[in-house]
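Structural description and commentary
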Amino acid sequence: MEPHMHRSLRQSLSSLAPVCLAAFAFTACQSGSVAAAPSPAPAVVQKDSKIQTQKVTDSIYMLVGRGGNLGVSVGEDGLLMIDDKFANLAPDIKEALAALAKDAGLDSADPRFLVNTHHHGDHTGGNAEFGADSTIIAQSNVRKRLADPAARRTMPKVGLPIVTFDHGLSVHFNGEEIRLMHLAAGHTDGDTVVLFMDSNVVHMGDLCFNHLFPYIDTASGGTVAGYIQNIEHVLESTNETTQYIPGHGPLATRANIIELRDMLKGVVKLVQEAHAAGQTPAEMKAGKLLAPYESWNWNFITADKMIDTVAGEFAKR
Ligand SMILES: [Zn+2]
């Protein structure tokens, strides 16, 4: 057993100064020594369900299916859920929650709390299906964006977060502190990561696409620099045995998060150099500038799209 196997996040965070995001600066790369994290348990597939339940710890589960990954805390206080995919998956999510609640001997499978990591529809689409029975919590900008009458789909009142915060908030639930930490504008301007302080698990929201090029929603305030900065901040707030629930992709280890950060830094460096040499985004694409990172391509975010996003940020400077 590694000596740090049972370090909680509290121990990781105790060495950090109080979070002051405005003043948070880029930090040097961390050393590459990474201990092996526990390998994830196989997903449990409910027959005919569009949702697979994967055990992360004795009290935390990751629910996988179309849309963003869900995190669920299960214990004596009930259920707390992070994100809710799409409205049409709510019946399947509720079925998965009912199975977890039954195993835990709980009377109710309605989450007492529902956290939105950001406003995107593949993470908040089910809000209205859960909002009548759950207290929805999110960063202030998430509520603003969901309630915006000019939004593509305005959320009905029942699906709006009723508890909002600017910088951070803790829920003391199921025997531990569940810390919601708002970070600098990265994926959007309303990103929250959720730290399970004793279980040593983090839900990253869309600040982690595990081995996939990330979507950086610049139209919703996201920035490439902020995205990298936020990953650095999460790495500083966690340790070698932390398990990371990504917004998209399989359960991640610290090595996966470091790999994501290094990929993004590598992409920024290549685009920055090409931009300084006078190349246009079209020339960068034609020259296959991001060929070293081809394996991060997926249907929604390709290397070409990454070039547009990163070059767009340099063009604004
Ligand atoms: Zn998103």
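Whatever comes next refers back to the structure up there.
Quick look at the structure, then. For every chain, the first residue of the written sequence is number 1, and numbering continues from 1 along that sequence. Reporting of local features is limited, given that this is a predicted model, to residues whose pLDDT is at least 70; pairs of side-chain atoms are given and counted only at 80 or more, and all residues count toward the totals for whole chains, interfaces and linings.

A few words on helix H7 (residues 254–276). In this description a helix means any DSSP run of H or I spanning at least four residues, a strand means any run of E spanning at least two, and both kinds are numbered starting from the N terminus. In a helix, the anticipated span is given by 1.5 Å times the number of residues less one. With 23 residues, H7 should cover 33 Å at 1.5 Å per step; its first-to-last C-alpha distance of 33 Å lies within 8% of that length. Turning to H7, its buried residues number three or more, namely Arg-254, Ile-257, Leu-260, Arg-261, Leu-264, Val-267, Val-271 and Ala-274. In this description, any two residues whose backbone-derived C-beta atoms lie within 7 Å of each other are considered to be in contact. Tucked inside the fold, the buried residues of H7 contact helix H6 (224–237), strand E13 (243–245), helix H8 (281–286) and helix H9 (303–316). Count one or two residues on from H7 and you reach Gly-278, which has phi positive near 90°. Every C-beta atom is placed from the backbone, and the number of other C-beta atoms within 10 Å of a residue's own sets its class: buried at 20 or more, exposed at 12 or fewer, partly exposed in between.

To continue, consider unusual backbone geometry. Here Asn-174, not a glycine, exhibits a phi torsion of approximately 50°, which is positive. As for its placement among the helices and strands, Asn-174 is situated in the loop between strand E9 (168–173) and strand E10 (176–182). The backbone of Asn-200 sits at a positive phi, close to 60°, despite the residue not being glycine. Here Asn-200 lies in the loop between strand E11 (192–196) and strand E12 (201–203). Overall, the presence of 26 C-beta atoms within 10 Å leaves Asn-200 in the buried class.

Moving on, we come to the sheet that holds E13. Should DSSP find at least two bridges between two strands, the strands are regarded as paired. One open sheet holds the five strands; their spatial order is E9-E10-E11-E12-E13, and the pairing between them is mixed. Strands with a single pairing partner mark the edges of an open sheet, and in this sheet they are E9 and E13. With direction set aside, neighbouring strand axes in the sheet form an average angle of 20°. Bridge analysis of E10 against E11 gives five bridges, and the strand direction is antiparallel. Across the sheet, His-182 pairs through a bridge with Thr-192, a residue of E11. For helices, the axis comes from a line fit to the C-alpha atoms of the stretch in contact; other axes are also lines fit to C-alpha atoms, and the angle between any two N-to-C directions lies between 0 and 180 degrees.

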